[in-house]
Amino acid sequence: MPTIIDGKKISAEIRQEVKTEVSEIKARGMEPHLAVIIVGSDPGSQVYVRNKHKACEEAGIRSTVIEMPETTTQEQLLAQVEKLNQDKTVHGILVQSPVPKGLSEEKAFESIHPLKDVDCFHPQNVGLLMLGRPRFLPATPAGVIELLVRYNIKISGQYVVIVGRSNIVGKPLAGMLAQKSERGNATVTVCHTGTKGLAYYTKQADIVIAAAGRPGLITGDMLNSNCTVIDVGTNRIPDATKKSGYSLVGDVDFESASKVAANISPVPGGVGLMTIAMLLKNCVMATKLQS
Ligand code: GUN
């Protein structure tokens, strides 16, 4: 049986660490404050935003959720961001993705003040990250690396195959892992849904990170027996046996992959919980940057 990488346990540790740091910050007279903007009624986003709000409150971080209707215009969204940019009591701002069709997510991310950009989506912060001078770390990639580090899984010198090239996960994670740094120094290949002969790459990998948004994309026969598999997929598939009507599955076929891999992260209970924990860390960082 492989080691199951327990995101629930590690994220709880981090949340506790953040809570301690928040108490210290509060003792110095500051109150970390995150503002989350959610536009429209995407059901997945509503769950994420609720979870972020709850996690903030548990860590002692003030959280304000601003709900804007589906009919919001680009100008109204940018005006709301600007209001929060100007608000000295707000340290972190996040526009939940996706935004409704017709609105530009890119413009919204770029309008956030770079010192309040706790998602690390602003081009200035992405640039600093890629130059090896990070201000913030993007939450999901940072969560993946934190899991590897806390499970003592070697990164330096290892061959990492990332499957997925999104701006949120694949691209920044590749840069972070290849960086000559304590938590990097890996040899990285970025594969994606257009890669010919995906198994050729994954079979050689010491670490496979699946972040393509395709349920069951990675199966046991595509892996080697000493590898570590990190599943970043969060795919909702219809499931009549569930009260919610859906179940959450990753990009990895857990049943076959867990028979081959040495270490594997499950969905749910893996990376998803880490994303929120790392976001809380960025809220603390943003508060310090603005003090
Ligand atoms: N939607 C899914 N993941 C994320 C995230 O990390 N940040 C934001 N803003 N939206 C998301």
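Residue numbers run consecutively from 1 along every chain, following the written order of its sequence. Given that the model is predicted, a residue must reach a pLDDT of at least 70 before its local features are reported, and side-chain atom pairs must reach 80 or more before they are shown or counted; all residues, however, enter totals for whole chains, interfaces and linings. Hydrogens and water molecules were not included; the side-chain quantities draw on all heavy atoms of the structure.

Novice: In this structure, what is going on with the packing of aromatic side chains? I would like to understand it.
Specialist: Remark: the centre distance and the inter-plane angle together describe each pair of aromatic rings, the angle taken between the planes. Any Phe, Tyr or Trp ring, taking Trp's six-membered ring, that has another such ring centre within 6.5 Å forms a pair; planes under 30 degrees apart are called stacked, those over 60 apart edge-to-face, and the others tilted. What the rule picks out here adds up to 2 aromatic pairs. Counted as over-ring charges are cases with an Arg CZ or a Lys NZ within 6 Å of the ring centre that also lie within 35 degrees of the ring normal. The lysine or arginine in question, Arg236, covers the ring of Tyr246, its NZ or CZ lying 3.8 Å from the ring centre.

Novice: Help me understand the nonpolar core, please; the structure alone is not making it clear to me.
Specialist: Side chains of a nonpolar character, in soluble globular proteins, are inclined to be buried together. We define the nonpolar core as a collection of buried residues of types Ala, Val, Leu, Ile, Met, Phe, Trp, Tyr and Cys that are connected through side-chain atoms lying within 4.5 Å of one another. We call a residue buried when its accessible area falls under 20% of the maximum for its residue type, exposed when it is over 50%, and partly exposed in between, using a 1.4 Å probe and counting protein chains only. Residues Leu34, Ile61, Leu177 and Ile209 are the most contacted members of the largest nonpolar core, which totals 51 residues. Numbering of helices and strands runs from the N terminus; a helix is a DSSP stretch of H or I covering at least four residues, while a strand is a stretch of E covering at least two. Elements with a minimum of two residues in this core: helix 1 (7-27), strand 2 (33-39), helix 2 (43-59), helix 6 (139-150), strand 5 (159-163), helix 7 (170-178), strand 7 (207-210) and helix 10 (271-289). It is helix 10 that provides the largest number of residues to this core, a total of 10 residues. The contact criterion used is simple: two residues touch if any of their non-hydrogen atoms lie within 4.5 Å. What Ile209 contacts, discounting residues up to four positions off in sequence, is Val144, Val160, Val161, Ile162, Val163, Leu173, Leu177, Ile230 and Val232.

Novice: Would you explain the layout of surface pockets in this entry?
Specialist: To locate leftover empty space, one rolls a probe as large as a water molecule over the atoms. One number sums up the size of the second largest pocket: a volume of about 500 Å³. Lining residues are defined by having an atom within 4 Å of a point belonging to a cavity or pocket. Those points lie on a 1 Å grid over the protein atoms alone, cavities being sets where a 1.4 Å probe fits but cannot get out and pockets being open sets with protein on both sides within 12 Å along at least five of seven lines. Forming the boundary of the second largest pocket are 23 residues, of which Pro134, Leu137, Ala142, Met176 and Arg183 lie nearest the centre. At the level of secondary structure, the elements contributing two or more residues to the lining of the second largest pocket comprise helix 1, helix 6, helix 7 and helix 10. The biggest single contributor to the lining of the second largest pocket is helix 10, with 6 residues. When residue character is reported, Ala, Val, Leu, Ile, Met, Phe, Trp, Tyr, Cys and Pro are called nonpolar, Asp, Glu, Lys and Arg charged, and the others, Gly included, polar. Residues of the lining of the second largest pocket, tallied by class, amount to 11 nonpolar, 6 polar and 6 charged. Grid points are joined across faces, edges and corners, and a volume is the space filled by probe spheres set on the points.

Novice: Whenever I open this one, the site of the ligand confuses me. Can you help?
Specialist: Only a single heavy atom is needed: when it lies within 4 Å of a molecule or strand, its residue is near that molecule or strand. If you check the shell around the ligand, you find Lys52, Leu94, Val95, Gln96, Ser97, Asp119 and Phe121 and nothing else. The contact in question runs from a nitrogen atom of the ligand to an N or O atom on the side chain of Gln96, over 3.1 Å. Here a polar contact means two N or O atoms within 3.5 Å. Within protein one must be a hydrogen donor candidate and the other an acceptor candidate, and residues neighboring in sequence count only if both atoms are side-chain atoms. The separation between a nitrogen atom of the ligand and a polar side-chain atom of Asp119 is 2.6 Å. When grouped by side-chain class, the residues that make up the shell around the ligand number 3 nonpolar, 2 polar and 2 charged.

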